Amino acid sequence: MAQQFDVVVIGSGPAGYIAAIKAAQLGLKSACIEKWLDKEGKTSLGGTCLNVGCIPSKALLESSEKYHQAHAELKDHGIEVSDPKIDIAKMLERKDKIVKQLTGGIGGLFKANGVTSIEGMGKLLANKQVEVTKHDGSVEVIEAKNVILAMGSVPVDIPPARQDGDIIVDSTGALEFTEVPKRLGVIGAGVIGLELGSVWGRLGAEVTILEAQEKFLFACDQQIAKDAFKTFTKKQGLDIKLGARVTGSEINGKEVTVMYQDAEGEKSQTFDKLVVCVGRRPFTEGCFSDDCGVDLDERGFVFVDDQCKTTVPGVYAIGDVVRGPMLAHKGMEEGMMVAELIAGHHAQTNYDAIPSVIYTHPEIAWVGKTEEELKSEGVKYKVGKMPFAAVGRAMAANDTTGMVKIIADEETDRLLGMHVFGLGAGEIIAQGVISLEFAASAEDLQLTCFAHPTMSEAVHDAALSVDGIALHIANPRKRK
Ligand code: FAD
Ligand code: AMP
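First, a word on what this report is: a plain description of the structure on this page. Note that the structure is predicted; figures quoted are calculated from it, not measured. (Residues numbered from 1 in each chain as written. Chains lettered and ligands numbered in written order. Predicted model: local features only at pLDDT ≥ 70, side-chain atom pairs only at ≥ 80, totals over all residues. Heavy atoms only, no water.)

1. With respect to the side chain of Q222
When you line up the elements, Q222 lands in helix α7 (residues 222-235). Assessed through its relative accessible area of 11%, Q222 is described here as buried. Filtering out sequence-adjacent residues up to four positions away, Q222 remains in contact with K215, F216, L217 and E372. (Helix = DSSP H or I, 4+ residues; strand = E, 2+ residues; numbered from the N terminus. Buried < 20%, exposed > 50% of the residue type's maximum accessible area, 1.4 Å probe, protein only. Contact = heavy atoms within 4.5 Å.)

2. What about the side chain of E371?
Residue position: E371 is located in helix α9 (residues 371-377). Taking relative accessible area as the criterion, E371 reaches 14% and is therefore assigned buried. Within the structure, E371 has its side chain in polar contact with the side chain of K405 (distance 2.6 Å). In contact with E371, not counting residues within four places along its chain, are D221, Y381, V383, K405 and I407. (Polar contact = N/O pair within 3.5 Å; in protein donor to acceptor, adjacent residues only side chain to side chain.)

3. Description of the pairing of strand β10 (residues 206-210)
Counting buried residues along β10, four of its five residues qualify, which places the element largely inside the surrounding structure. When strand β9 (residues 183-187) meets β10, the two strands line up parallel, connected through five bridges. By the bridge assignment for β10, I187 is matched with L210. Crossover handedness for the path β9 to helix α6 (residues 191-202) to β10: right-handed. By the bridge criterion, three bridges tie β10 to strand β11 (residues 239-241) in an arrangement that is parallel. Across the sheet, residue T208 finds its bridge partner in β11, namely D239. (Pairing = 2+ DSSP bridges. Right-handed = clockwise from strand over helix to strand, strands pointing away.)

4. Structural notes on the sheet that holds strand β14 (residues 265-271)
Judged by pairing direction, the sheet is antiparallel, and its three strands sit side by side in the order β12-β13-β14 without closing on themselves. Pairing within the sheet leaves two strands with one partner each, and these edge strands are β12 (245-252) and β14. The sheet shows a mean angle of 20° between the axes of neighbouring strands, direction not considered. Bridge count for β12 against strand β13 (residues 255-262) is seven bridges, and the pairing is antiparallel. Each bridged residue has a counterpart across the sheet, and for I251 the counterpart in β13 is V256. (Axes fitted to C-alpha atoms, helices over the stretch in contact; angles between N-to-C directions.)

5. Focus: the pattern of salt bridges
Evaluation of the coordinates by the stated rule reveals 29 salt bridges. For the salt bridge of D6 with K145, the shortest nitrogen-to-oxygen distance reads 3.1 Å. Separated by 139 residues along the polypeptide, D6 in strand β1 (residues 4-10) and K145 in strand β6 (residues 139-149) bring together distant segments of the chain. When its relative accessible area of 16% is taken as the criterion, D6 is described as buried. With a shortest N-O distance of 2.7 Å, K267 and D262 are connected by a salt bridge. (Salt bridge = Lys/Arg side-chain N within 4 Å of Asp/Glu carboxyl O.)

Structure below.
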């Protein structure tokens, strides 16, 4: 007889593993199917995020930042380090160890919570049956009362820069370079392109980023995007070419020449390695039988409503395989929501309070609306800003770039958005997320006590500055 479960999750990325664990915690018999094999051919849980995404990229960002500090910043503190060297093999080994620890940890969490882990490729059939093709080729069909689709995403490939896995690679390849490329080209100045460009730039590569859009980080607050652009190009030496659309590439021996078009016409540039970071697309190939009943939208995402319900009752889809930002924590939120819904509870992800973080140095982080969005929606708002240049802790850290910007509704004072560029922005933004979740006003933050001296004090002064009553900078206007 076929194995039967209350919940079968396809995919063990952050969306899928959280859904499986939460469902088990709510008393549902749950299983999670995963096809990922590591370099040794063993099943590895955790999806893109743990294996080739969030975690390994942050491990390399940390290593490269430390190297950069040893080279360029410690001397400002009076610390002399003679000729620091980077051992790339050791840096990669450290990254791989963290990945192994975390992916193994998901297996441990499955055991602790009673989630059945199934190895192989899952395919949704009609009537909530799921076919699993094991790595040895054998096939099993399991039955589920509910199915959660969490197959995630894969990098987008573009015909002008076809990958050869050696000179032209995707983000996964750029986490594995065994030496620092002298000339590194990156296509796409999105989050992943900027992070990977920063890693290899800090280690000594000459980095050129070709970006088709004229506007830098168009989803981000544009004042912060401008400040960040200046910092990355002028201070950090990343050559970010905006309005540069890649049209072709040619590998010659050990180098690649990239053709691109900008406002001045056709141009080309030669690199030792080229990383294609032009976005990710949902992964659904081979995951559905023709009669399973699940619809995709026009961009290939699994079509879902606000509660991640697909067109088939009892079949849900979460994470990168559905609409919305392709972020691990967004998938995790959806995983928790769907498990609660299946258990018969009320649940709704708050899509208005999902933070975005770019882990450059300094980091860029935001939550809620930008000024540009509010203007186009015709919402009246007030803005408060606090530059880190006036924050004691930032000075002590020798890291005064950036600011906190808070946007509140002009009439109700309710917080609409928080935007941070600066040291630790990814941590600071949690305060904005909590404020939005709790429907806080700027005044709520004004009346809150912030530890001194911390970077977070900039949140306090930015909130005060919303009403022209900041205490550590001159106020542009008086309180009404
Ligand atoms: P995935 O993590 O893609 O997992 C899907 C899993 O499903 C995979 O393991 C896959 O093998 C499995 N699968 C697919 N189909 C089947 C099938 N039919 N049967 C069995 N198994 C299947 N996001 C952040 O929030 N913060 C970051 O700092 C960040 N950094 C990133 C850096 C890089 C370089 C990259 C590439 C991505 C980064 N992301 C980051 C994005 C983040 O990795 C994704 O948003 C997240 O992994 C999506 O989670 P998911 O569970 O939906 O899918
Ligand atoms: P993201 O979607 O955040 O990962 O960013 C991917 C970036 O790649 C976007 O900013 C796109 O504009 C950019 N992009 C896509 N195709 C090209 C191309 N052919 N040349 C240059 N940039 C591109």
